[in-house]
Amino acid sequence: MTTSSDTCGSLPAVAVEGSRRHGRGFWLVAYTFAVTIAFSSAPAPLYVLYQAKDGFGSFTVTLVFAAYAVGVIASLFLAGHISDWAGRRRVLVPAVLINVVAAVIFLAWSSVPALLVARFVSGISIGMLTATATAHLAELHLAARPGASRTRADLVATAANLGGIGLGPLVAGLLAQYAGDPLHVPYLVFQALMLIGAIAVTLVPETVEVARVKYRPQRVSVPRAARGRFFAAGAAALAQFAVFGLFTSLAPAFLANVLHQHSHALAGAVSFAVFAAGAISQILLARAGLRRQLGLGLGLLVAGIVVFTAGVQVPSLALFLVGGVLAGGGAGAAFKGSVSIVLSLAPPEGRGEALAGLFLAAYVGLAIPVVALGLATQLVSLRVALAGFAVLLLAILAVVGRRLFATT
């Protein structure tokens, strides 16, 4: 393999400067991706404050969470793929600014309808952002390091995604606990970080040749012979994000109501630990083969589901945390494998569309099982509902695992 220094030494000065601009742009997009995703999960440890203020129950929190997921799914279906012909920057900048608008709504109102609207608007932003930023990072990496492995781009994209989701609750929980004015300060901080990101993206090189194309909604665009592998990766992402959804939507309430742990910082730290484990597992397995990534990832995910379910049944904060870290690490490794599969299957001109399809499956997993769990808790206890949730996830993983390993 040709090293970066060897490549640069043989390129004209203009090309070298271009590759440097793409290299700098890579990290600017990674920053923007991470802070915007972080804002999308920041309200998680604050929901108990809204509940205390307005007197609504856990099911309303589930509906607020569902509003976000509906926004993501709708946006992925309608706009997640348009950067393939409209340009990456033309989608990324509006996506970030839409989340800034969501922050304004959070700051201006705190009623349940306002929460629903703000979370839906935030979901619209994330649906535009995820596939576009992931594809942009892959293309910037390729331009900055011609001929290099795609490993760094895959790793940074998935780490920004999962790491960002984890950092959001951690930062918001710490600010809520120690900075005062917990329903305003976190949103002001993330607003500033996102505005910096939006400005930064305008300085990043475009990697797509803008073309006039008749608009159509999202469709899955992969070669026919590879569709079985693509749908297996999508099903795996659905199960992985179902576990992540559990910790972003219900874990803070579980800590407060079942374990009687009312610290906002702790609620944020629990969510952070789960997603940080996902990002760390991706780093540790960055050079591992796809089969090993999937094997270790799915194995850890299954073990984590069993342990955190036991932690709820006992109940035990230690088991809940250990199970969450195991599940997060497993889901992170397996999700990185899913992204790698999709990027390897999609043609260059269809990367955004194929990734939008993958994230569409992931956010369906983020929304539907957690909403179903929230509905179930209206009829049975949380312990019984979570046990059923765990059994369903394990069954899905058993089926998906066989198909994934049959294709690696």
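This structure is a prediction, so every number in the text was calculated from the model and none was measured. (Residues numbered from 1 in each chain as written. Predicted model: local features only at pLDDT ≥ 70, side-chain atom pairs only at ≥ 80, totals over all residues. Heavy atoms only, no water.)

### A short note on the nonpolar core
Right, so step 1: Membership of the largest hydrophobic core comes to 92 residues, with the highest contact counts inside it found for Phe247, Phe308 and Tyr363.
Right, so step 2: A per-element tally of this core places helix α10 (residues 227-249) first, with 12 residues.
Right, so step 3: With residues near it in sequence (within four places) discarded, Tyr363 still touches Ile37, Tyr68, Ala69, Val72, Ile73, Leu76, Ile126, Thr130 and Phe241. (Core = buried A, V, L, I, M, F, W, Y, C linked by side-chain atoms within 4.5 Å. Buried < 20%, exposed > 50% of the residue type's maximum accessible area, 1.4 Å probe, protein only. Helix = DSSP H or I, 4+ residues; strand = E, 2+ residues; numbered from the N terminus. Contact = heavy atoms within 4.5 Å.)

### Details of helix α8 (residues 151-178)
Right, so step 1: Its 28 residues give α8 an end-to-end C-alpha distance of 39 Å, which sits within 8% of 40 Å, the value for a rise of 1.5 Å per residue.
Right, so step 2: Summarising burial for α8: 23 of the 28 residues are buried, a large majority.
Right, so step 3: Within two residues after α8, Gly180 carries a phi angle of roughly 85°, on the positive side. (Expected span 1.5 Å × (residues − 1).)

### Section: helix α3 (residues 47-54)
Right, so step 1: Considered for burial, the residues of α3 that qualify are Tyr47, Tyr50 and Gln51. The arc that holds every buried residue of α3, seen down its axis, measures 100°, which confines them to one face.
Right, so step 2: Close packing links the buried residues of α3 with α4 (58-79), α6 (88-108), α7 (112-144) and α9 (185-201).
Right, so step 3: One or two residues past the end of α3 sits Gly55, with phi positive at roughly 75°. (Arc of directions from axis to C-beta.)

### What about the packing of aromatic side chains?
Right, so step 1: In the structure shown here, the tally under the stated rule is 9 aromatic pairs.
Right, so step 2: Relative to Phe244, the ring of Phe241 lies with its centre 5.7 Å away and its plane at 90°, an arrangement referred to as edge-to-face. Taken together, the positions of Phe241 and Phe244, both in helix α10 and 3 residues apart, correspond to about one turn of that helix. With respect to class, Phe241 is no different from Phe244; both count as buried.
Right, so step 3: Cluster of aromatic residues (ring-pair linked, three or more members): Phe39, Phe106, Tyr187 and Phe190.
Right, so step 4: Seen from the ring of Tyr68, Arg119 lies directly overhead, with NZ or CZ sitting 4.2 Å from the centre.
Right, so step 5: The ring centre of Phe26 lies 4.3 Å from the NZ or CZ of Arg152, which sits over that ring. (Phe/Tyr/Trp six-rings, centres within 6.5 Å; stacked < 30°, edge-to-face > 60°. Lys NZ or Arg CZ within 6 Å of the ring centre and 35° of its normal.)

### Some thoughts on the pattern of salt bridges
When their charged atoms lie close together, side chains carrying opposite charge are able to pair.
Right, so step 1: Applying the stated criterion across every chain yields a total of 3 salt bridges.
Right, so step 2: One salt bridge in this structure joins Lys53 and Asp54, with 3.4 Å as the shortest N-O distance.
Right, so step 3: Since its relative accessible area comes to 49%, Lys53 is described here as partly exposed.
Right, so step 4: Of the residues examined, Asp54 reaches a relative accessible area of 34% and is grouped as partly exposed.
Right, so step 5: Across the pair Arg88 and Glu139 runs a salt bridge whose closest N-O atoms are separated by 2.5 Å. Taken together, the residues span a long stretch of sequence, with Arg88 in helix α6 and Glu139 in helix α7 at a distance of 51 residues.
Right, so step 6: What emerges from the salt-bridge pattern is a single network uniting Asp84, Arg88 and Glu139. (Salt bridge = Lys/Arg side-chain N within 4 Å of Asp/Glu carboxyl O.)

### Considering a nonpolar patch on the surface
Right, so step 1: A cluster of nonpolar residues, Phe77, Leu78 and Tyr215, forms a patch on the protein surface that exposes about 290 Å² of accessible area.
Right, so step 2: With respect to the secondary-structure elements, Leu78 resides in helix α4.
Right, so step 3: Judged by its relative accessible area of 43%, Leu78 is partly exposed. (Patch = residues over 30% accessible without salt bridge, like charges linked within 9 Å, V, L, I, M, F, W, Y side chains within 5 Å. Areas by Shrake-Rupley, 256 points an atom, 1.4 Å probe, with all protein chains shown as cover.)

### A short note on the environment of Phe190
Right, so step 1: Examined against the element boundaries, Phe190 turns out to sit in helix α9.
Right, so step 2: A residue is classified by how much of its surface remains accessible, and Phe190, at 3% relative accessible area, is buried.
Right, so step 3: When the C-alpha positions of Phe190 and Phe39 are compared, they lie 6.1 Å apart, and in sequence the two are 151 residues distant.

### Quick word on the packing of α8 against helix α12 (residues 264-284)
Right, so step 1: Running from amino to carboxyl end, α8 crosses α12 at an angle of 165°, the nearest separation of the two axes being 7 Å. With respect to α12, the element α8 is oriented roughly antiparallel. Seen from above, α8 lies across α12 with left-handed handedness.
Right, so step 2: Here the contact of α8 with α12 is built from residues that sort into 16 nonpolar, 10 polar and no charged. (Axes fitted to C-alpha atoms, helices over the stretch in contact; angles between N-to-C directions. Parallel < 35°, antiparallel > 145°, perpendicular 65-115°, else oblique. Left-handed = near helix turned anticlockwise from the far one by under 90°. Nonpolar A, V, L, I, M, F, W, Y, C, P; charged D, E, K, R; others polar.)

### Section: unusual backbone geometry
Right, so step 1: Note the cis peptide between Val314 and Pro315, where omega equals -10°.
Right, so step 2: Locating Pro315 in the fold gives a position in the loop between α13 (290-313) and α14 (317-345).
Right, so step 3: Phi angles above zero are rare outside glycine, and His260 is one such case at about 60°.
Right, so step 4: Along the chain, the position of His260 falls in the loop between α11 (251-257) and α12.

### What to know about the packing of α10 against α12
Right, so step 1: In contact at an axis separation of 9 Å, α10 and α12 are set at 160° when each is read in the N-to-C sense. With respect to α12, the axis of α10 lies roughly antiparallel. Seen along the crossing, α10 lies across α12 with a hand that is left-handed. Touching Phe244, Phe247 and Thr248 of α10 are Val270, Ser271, Val274 and Phe275, all from α12.
Right, so step 2: Its residues assigned to classes, the contact of α10 with α12 comprises 5 nonpolar, 2 polar and no charged.

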